[in-house]
Every structure is written in structure tokens, then in C-alpha cells.
There are 2 protein chains.
Amino acid sequence: MIGRLNHVAIAVPDLKAATAVYRDTLGATVSPEEEQPEHGVSTVFIELPNTKIELLGVLGEGSPIAAFLERNPNGGIHHLCYEVPDIKEARDQLLKEGARVLGSGEPKIGAHGKPVLFLHPKDFCGTLVELEEA
Amino acid sequence: MIGRLNHVAIAVPDLKAATAVYRDTLGATVSPEEEQPEHGVSTVFIELPNTKIELLGVLGEGSPIAAFLERNPNGGIHHLCYEVPDIKEARDQLLKEGARVLGSGEPKIGAHGKPVLFLHPKDFCGTLVELEEA
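Within each chain, residues carry numbers counting from 1 in the order of the written sequence. All chains are assigned letters beginning at A, and all ligands numbers beginning at 1, according to the order in which they are written. For a predicted model such as this one, the threshold for reporting local features is a pLDDT of at least 70, and the threshold for listing and counting side-chain atom pairs is 80 or more; totals across whole chains, interfaces and linings nevertheless cover every residue. Heavy atoms throughout the structure, all of them, feed into the side-chain values; hydrogens and water do not.

## Side note on the relation of the copies chain B and chain A
To keep things clear, this is the line we draw: Only residues with pLDDT of at least 70 in both copies count here: their C-alpha atoms drive the least-squares fit that superposes the copies. In what follows, residue pairs with any heavy atoms lying within 4.5 Å of each other are defined as contacts.
When chain B is fitted to chain A, the residual RMSD is 0.0 Å, and the transformation amounts to a turn of 180 degrees plus an axial shift of 0.0 Å. Taken together, these values place the two copies in the relation of a two-fold axis. Residue Asn50 of chain B of chain B places its C-alpha closer to the rotation axis than any other residue of that unit, at 2.9 Å. Interface overlap between copies is the fraction of interface residues in one copy that are interface residues in the other; for chain B against chain A it reaches 100%, indicating a shared surface.

## Some details on the side chain of His78 of chain B
Residue and element names in this part refer to chain B. To be explicit about the condition: The helix count covers DSSP runs of H or I at least four residues long, the strand count covers runs of E at least two residues long, and both are numbered beginning at the N terminus. Each residue is placed in one exposure class: buried if its accessible area under a 1.4 Å probe, protein chains only, is under 20% of its type's maximum, exposed if it is over 50%, and partly exposed if it falls in between. As used in this structure description, the phrase polar contact means that two N or O atoms lie within 3.5 Å; if the pair is within protein, one of them must be able to donate a hydrogen and the other to accept it, and residues adjacent in sequence are counted only when both atoms belong to side chains.
Positionally, His78 belongs in strand β6 (residues 76-84). Assessed through its relative accessible area of 15%, His78 is described here as buried. Within the structure, the side chain of His78 is placed 2.9 Å from the side chain of His79, a separation counted as a polar contact. For His78, the residues in contact, after removing those within four places along its chain, are Ala9, Ile10, Ala11, Leu56, Pro64, Ile65, Phe68 and Leu128.

## Side note on the pairing of strand β1 (residues 5-11) of chain B
Two faces belong to every sheet, and in a regular strand the side chains alternate between them. All names here are of chain B. Here is the rule: Any two strands between which DSSP finds at least two bridges are classified as paired.
Among the 7 residues of β1, 7 are classified as buried, and the element is accordingly described as predominantly covered. Strand direction decides the pairing type here: β1 and β6, joined by 6 bridges, are antiparallel. Counted as the bridge partner of Ala11 is Gly76 from β6. In this sheet, strand β5 (residues 52-58) lies alongside β1 in parallel orientation, the contact comprising 5 bridges. Within β5, the residue paired with Val8 across the bridge is Ile53.

## What to know about the interface of chain B and chain A
The condition is simple: Put simply, buried area is how much 1.4 Å-probe accessible surface two parts lose in total, over both of them, once they are put together. Any Lys or Arg side-chain nitrogen found within 4 Å of a carboxyl oxygen on Asp or Glu counts as a salt bridge.
Each partner contributes to the interface: chain B provides 37 residues, whereas chain A provides 37 residues. Here chain B meets chain A over a buried area of about 3,200 Å², counting both sides, of which 70% is carbon and sulfur. Taken together, chain B and chain A are joined by 0 salt bridges. For the pair chain B and chain A, the interface holds 15 residue pairs in polar contact (both at pLDDT 80 or more). Going through the elements one at a time, β1, α1 (15-25) and β6 of chain B are the ones with two or more residues in the side of chain B that touches chain A.

## A word on the packing of aromatic side chains
What describes a pair of aromatic rings is the distance from one ring centre to the other and the angle between the planes of the rings. Put simply, the rule reads: Ring geometry is summarised as follows: Phe, Tyr and Trp rings, the Trp one being its six-membered ring, pair when their centres sit within 6.5 Å, and such pairs are stacked at plane angles under 30 degrees, edge-to-face over 60 and tilted between the two. The criterion is that NZ of a Lys, or CZ of an Arg, lies within 6 Å of the ring centre and within 35 degrees of the ring normal, and then a charge sits over that ring.
Considering all chains together, one arrives at 2 aromatic pairs over all chains under this definition. When the ring of Tyr22 of chain A is compared with that of Tyr82 of chain B, the centres are 6.1 Å apart and the planes differ by 85 degrees; the resulting orientation is edge-to-face. With Tyr22 of chain A in helix α1 (residues 15-25) and Tyr82 of chain B in strand β6, the pair connects residues from two separate chains. Judged by relative accessible area, which is 0%, Tyr22 of chain A ranks as buried. Over the ring of Phe45 of chain A we find Lys52 of chain A, and its NZ or CZ is 5.9 Å from the ring centre.

## Focus: unusual backbone geometry
Residues and elements named next belong to chain A. We note that Cys125 has phi near 60 degrees; this positive angle belongs to a residue other than glycine. By the secondary structure assignment, Cys125 is in the loop between β8 (115-119) and β9 (129-133). Under the relative-accessibility criterion, Cys125 is labelled buried at 8%.

## Here's the deal with the environment of Pro13 of chain A
Residues and elements named next belong to chain A. Note on placement: Pro13 falls in the loop between β1 (5-11) and α1. With relative accessibility at 55%, the residue Pro13 sits in the exposed group. When the C-alpha positions of Pro13 and Asn72 are compared, they lie 8.9 Å apart, and in sequence the two are 59 residues distant. Discounting residues that sit within four places of it in the chain, Pro13 has contacts with Leu69, Pro73, Asn74 and Gly75.

So this is what it looks like as C-alpha cells:
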């Protein structure tokens with residue numbers, strides 16, 4: 001079912017400082033910062049030859065990464081995103097296998113403009129998994 | 001400096017159960033389990049089209065992932081591994097930038113038979129970073 005690793009998301013307390021670490025210390029190519037008010041985050045993408053790292057900073061009140069950053073004040077890896085060819089087919093198969101899909105179970109439009117779903121960390125080795133329709 | 005994301009490592013309390021999640025629930029291609037006594041872990045690789053997920057299970061006493069699993073009993077993402085063309089050149093440049101290299105600072109031979117180094121999580125957005133000479 002799962003295909004490419006679309007991205008690894010890292011939540012960070014200071015998006016500008018984290019961007020500088022990847023751009024200046026690690027010498028990677030970074031995208032401009034983008035505010036995503038409908039997702040409560042600002043994003044910077046680190047463009048690697050085979051995949052992307054998504055740096056996530058808090059935007060506004062009630063950001064979905066605020067509680068994670070309280071538990072991980074230096075930042076940390078927030079989720080992995082795998083591509084699937086058909087998100088509803090993937091969801092139905094996962095539910096049949098007994099895996100838990102977060103929220104309403106209906107795909108939402110994610111930060112890349114494509115349908116996404118999140119899966120329960122306890123069912124996937126303690127990692128939050130995002131599925132994105134490729 | 002950094003190139004491809006070589007792998008994402010996930011430490012898990014039960015390697016066989018985690019392998020089944022990736023093989024059966026997520027439908028991915030998994031490698032046979034391999035014991036790496038010199039690293040204190042057993043490994044299974046999930047082969048994705050563009051990169052790998054490395055599942056790490058405890059092997060023997062004093063495993064380097066034992067403390068992590070005590071803090072994260074369901075498992076969790078342990079580190080990210082980026083490829084670099086020359087590991088000693090990368091290390092020297094990172095030290096010049098003020099980043100901390102773990103251990104003696106001398107590259108060791110990692111689980112793939114290539115020289116590796118680990119960088120301090122506090123200097124890299126709260127994530128443990130492995131560099132591997134490509």
C-alpha cells in the first residue's frame with residue numbers, strides 16, 4: 001500500500017533558527033517560509049535529493065503542534081508522511097485491519113493541497129503517520 | 001553538505017510485531033531480520049521506493065536503544081540518517097560551526113558497513129542525526 005516517503009516533519013520552537021541550522025550548518029536547500037493559517041503552522045521545506053524534511057513552527061493560537069512542543073521544548077520529529085495511490089481505498093483497508101484513523105476518518109486537504117489522513121501512533125510503532133494521496 | 005535521506009530509524013519494543021505492521025498493515029516490502037551484536041540491535045529494513053525505514057529492536061544487554069524505549073514504551077522515531085560525500089570533511093565543518101559530535105568524534109563503521117557519526121540532538125532541532133558516508 002505505502003509508496004514513497006513524502007516527508008519527515010520536525011516540529012520546532014523557532015522556525016527561523018531551525019531553518020538556519022539546515023541551511024547554514026547542514027548546507028541544505030531550504031524553501032521560503034510559508035504561513036498555513038488553516039493548519040495552524042508555518043512551514044519550511046528542506047529539499048533533499050530523494051525526499052523532503054518539513055520544518056513546522058507554531059502559527060497563531062491552538063496550533064496542532066503546541067502540545068508536542070510543550071513535551072519536546074527543543075523540537076522533535078512530529079510525523080512521517082507516506083504516499084498512497086488512493087487515500088479512501090487505503091483508509092478502508094486500514095480500518096479493516098483494525099488500525100485507527102484520527103479525526104472523522106474523512107480525508108482533509110493537507111499542506112500540499114492533496115487529501116491526507118493521520119493514523120494513530122499506538123498502532124504504528126509509536127509514530128504519527130500521515131498518508132497523502134500521491 | 002547533506003545529501004539523500006538514507007533512512008529513518010524507528011526503535012520498537014517488539015521487532016516482529018513492528019515488522020508485521022509494516023508488511024501486513026501498510027503493505028510494504030520488508031527485509032529479513034538481522035542481528036547486529038556489535039551495535040546491540042536487531043534490524044529490519046522497510047524498502048520504500050525512495051528511502052528506507054530502519055526498525056530497531058533491542059539485542060542483548062546494554063543496547064543503545066534501551067533507555068529510549070524506557071521513555072517511549074510504544075516505540076518512536078530514534079534518528080534520521082543523512083548521507084554526506086566525505087564524513088571527516090563533514091565533521092570538521094560541523095565542529096567549526098560549533099555543532100557537537102557524539103562520542104570520540106571519530107567515525108565508526110555503522111550498520112551498513114560505512115563510516116558514520118552521530119550529532120547532538122540539541123544542536124539539530126531536537127532530533128538525533130546520523131551522518132553516513134555515501
